[in-house]
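# Observations on chain architecture
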Amino acid sequence: PAKTITKLPASVKPGVVTGPALLDLLAHAKENKYAIPGVNIVGTNSINSCMEAAAKYGGPIMVTFSKGGGQFIAGNSANNDND
């Protein structure tokens, strides 16, 4: 597998990055002049492909969901009637 071009901040661990670690990651990307790809997820195959690519090439990736796409992935338990 390929390695990341730049070493990520120590606070950024594999998996979902939130809170201060996310802020560290975004600041690091800005300081080092690189982009973090954001992919709109339309199904479980999209999630799997994105996660496999990030693991293979060693970089961070953002996954995004449309309102309807997020509800589809989460299932009927995610009620968005009042959104």
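The structure presented is a predicted model; accordingly, all values stated were derived computationally and were not measured.

## Side note on the pairing of strand β2 (residues 62-65)
The sheet contact formed by strand β1 (residues 38-41) and β2 spans 4 bridges and is parallel. The residue of β2 that forms the bridge with N40 is T64. At this point the chain moves from β1, through helix α2 (residues 44-57), to the parallel β2, and the crossover so formed is right-handed.

## A short note on unusual backbone geometry
Note: most residues except glycine have negative phi, and most peptide bonds are trans. A positive phi is found at K33, a non-glycine position, where the angle reads about 55 degrees. Judged by relative accessible area, K33 falls into the exposed class, the value being 74%.

## A word on α2
Along its 14 residues, α2 runs 20 Å from first to last C-alpha, staying within 8% of the 20 Å computed at 1.5 Å per residue. Among the residues of α2, those classed as buried are S46, C50 and A54. Along the axis of α2, the buried positions cluster into a sector of 65 degrees, meaning they face one direction only. Opposite its buried face, α2 presents the exposed residues T44, N45, E52 and A55, each directed more than 90 degrees away.

The rules behind each value
Residues numbered from 1 in each chain as written. Predicted model: local features only at pLDDT ≥ 70, side-chain atom pairs only at ≥ 80, totals over all residues. Heavy atoms only, no water. Pairing = 2+ DSSP bridges. Helix = DSSP H or I, 4+ residues; strand = E, 2+ residues; numbered from the N terminus. Right-handed = clockwise from strand over helix to strand, strands pointing away. Buried < 20%, exposed > 50% of the residue type's maximum accessible area, 1.4 Å probe, protein only. Expected span 1.5 Å × (residues − 1). Arc of directions from axis to C-beta.

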